[in-house]
Amino acid sequence: MSTIALFVATRASEVPANLTRFASVDGSVPGASVVWDHHVTGEPVSLDAMPARIDLTGFDGLGTTLADTDAIVGAVVALRGGLEAIEQRTLAILRAASWWCDHLRGAPGIDGELDRLGRGLHEHCSSELAKVPRSETSRAFASLVRELEDAIVNDAPLPFAHTPEDTTPDLRALSRLTEHGLVALVDLRGLGMPMDPLRTYAQHRCPVAVTVADHSKGGTRFTVGVNPHVPESPTDLGEALARIARAEHAHGPPCLVPTPGPGTENWGGRATVFGSPWNYGSRLAPIEVVTIVRETIKR
């Protein structure tokens, strides 16, 4: 297997100092020579943004901006040499895992045992990542990538974990879930425990949710996403993202430009889910974000 360095970084200063040329998957790490970022190019999951053949000769690093199952899957495919290097049954399981990660549901056309194994792979990655503090994220990401790659190389069963018991508290009873028309506001600030997004969405029937949490660097972190439990949920939140990015920029630095996307220090994401800046807490109030989303929802 390759000895290429694996890491997580949202700023150039977080990239390992000894790297001379690195690639980025499932996100746009500053300074990457090659980027496969489906958030920018619009594909459903990271695999859909990756070429059939990948040659990492001359690269000494491979990074991502957020350690999750989709990034782990994409990194393994890159290390193995691209989509064509992965056996079709294994590729279907990887795709299912990525869909459970990014869309909180199974991948279209993949069901039965392959979907079960994909969800189990996602549950394994998620549970392992949840155990480590932010300072250990790169190490955990690298470990999970190597574990999955090793299983594929040795034709061994892929990592798997059963879906854990639902321990999500009743957020409405805790006054942490309020509904504003088609938009739910979920406030997780101060709870100090990870929440399963799929189970959080299950506690309401609004087609879109604005979730508020504590930012690791202080302040507020937002995630805006469609509810996978509601069939009539919107398919494109782009107008909301654009308006919210302009509102964030109006507060000045460190936000660089009034448009979302990599390198802007502004909001970013994809059609059905987006979030506030990586590197600082948003200056927007929760109700401000909710209002913009309500005004722009298109079903």
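In what follows, the accompanying structure is described.

Quick notes on the rules
Residues numbered from 1 in each chain as written. Predicted model: local features only at pLDDT ≥ 70, side-chain atom pairs only at ≥ 80, totals over all residues. Heavy atoms only, no water. Helix = DSSP H or I, 4+ residues; strand = E, 2+ residues; numbered from the N terminus. Rg over C-alpha atoms; globule rule 2.2 N^0.38 Å. Buried < 20%, exposed > 50% of the residue type's maximum accessible area, 1.4 Å probe, protein only. Contact = heavy atoms within 4.5 Å. Areas by Shrake-Rupley, 256 points an atom, 1.4 Å probe, with all protein chains shown as cover. Pairing = 2+ DSSP bridges. Axes fitted to C-alpha atoms, helices over the stretch in contact; angles between N-to-C directions. Expected span 1.5 Å × (residues − 1). Core = buried A, V, L, I, M, F, W, Y, C linked by side-chain atoms within 4.5 Å.

Quick look at the overall build of the chain now. The helix and strand tally for the chain stands at 8 helices and 10 strands. Relative to the compact-globule value of 19 Å for 299 residues, the chain shows a C-alpha radius of gyration of 19 Å, a close match. Principal-axis analysis of the C-alpha atoms gives the chain an extent of 50 × 45 × 35 Å. Going through the 299 residues of the chain one by one, you find that 49% of them count as buried. Restricting to contacts in the chain with at least 6 residues of sequence separation, those with at least 24 account for 64%. Counting every atom, the chain has about 13600 Å² of accessible surface; 52% of that belongs to carbon and sulfur.

Turning next to the pairing of strand E6 (residues 183-187). Summarising burial for E6: 5 of the 5 residues are buried, a large majority. Counted between consecutive antiparallel strands, the loop separating strand E5 (residues 177-180) from E6 contains 2 residues, among which Gly-181 sits at a positive phi close to 65°.

For the rest of this paragraph, the subject is the sheet that holds strand E10 (residues 273-275). A sheet is described by the order of its strands in space; here 6 strands give the open sequence E5-E6-E7-E8-E10-E9, paired in mixed fashion. What marks the edges here is a single partner per strand, and that holds for E5 and strand E9 (268-270). Taken over all neighbouring pairs, the strand axes of this sheet differ in orientation by 15° on average, direction set aside. Examined bridge by bridge, strand E7 (residues 208-214) and strand E8 (residues 220-226) share 7 bridges and lie antiparallel to one another. By the bridge assignment for E8, Ala-213 is matched with Arg-221.

Between its terminal C-alpha atoms helix H5 (residues 137-153) stretches 24 Å, which fits the 24 Å expected from 17 residues at 1.5 Å a residue. Here H5 has its buried residues at Ala-140, Phe-141, Ala-142, Leu-144, Val-145, Leu-148, Glu-149 and Ala-151. Buried-residue contacts for H5 involve strand E1 (5-8), strand E4 (61-64), helix H2 (69-80), helix H3 (88-103) and helix H4 (112-130). Among the residues trailing H5, Asp-155 stands out with phi positive, at a value near 55°.

Membership of the largest hydrophobic core comes to 45 residues, with the highest contact counts inside it found for Trp-36, Leu-47, Leu-56, Leu-62, Leu-94 and Phe-141. Elements that contribute at least two residues to this core include exactly E1, strand E2 (22-25), H2, H3, H4 and H5. The element best represented in this core is H2, accounting for 8 residues. In this structure Leu-56 touches Ile-4, Ala-23, Trp-36, Ala-78 and Leu-79, once residues within four positions along its chain are discounted. Counting 21 residues, the second-largest nonpolar core is a separate cluster that includes Val-224, Leu-237, Val-289 and Ile-297.

On to unusual backbone geometry. The omega angle of the peptide bond from Pro-253 to Pro-254 is 10°, so this bond is cis rather than trans. With respect to the helices, strands and loops of the structure, Pro-254 is situated in the loop between helix H7 (238-249) and E9. Even without being glycine, Leu-104 reaches a positive phi, approximately 60°. With respect to the helices and strands, Leu-104 occurs in the loop between H3 and H4. Located in the positive-phi region is Glu-265, a residue other than glycine, with phi close to 55°. If you trace the backbone, Glu-265 turns up in the loop between H7 and E9.

Before going further, it helps to examine the pairing of E4. With burial as the criterion, each face of E4 is covered, one bearing Gly-61 and Gly-63 and the other bearing Leu-62 and Thr-64. Here E1 runs beside E4; their pairing, made up of 4 bridges, is parallel. Residue pairing for E4: Phe-7 is matched across the bridge by Gly-63. Relative to E4, E2 runs parallel, the two sharing 3 bridges. Across the sheet, residue Ser-24 finds its bridge partner in E4, namely Gly-63.

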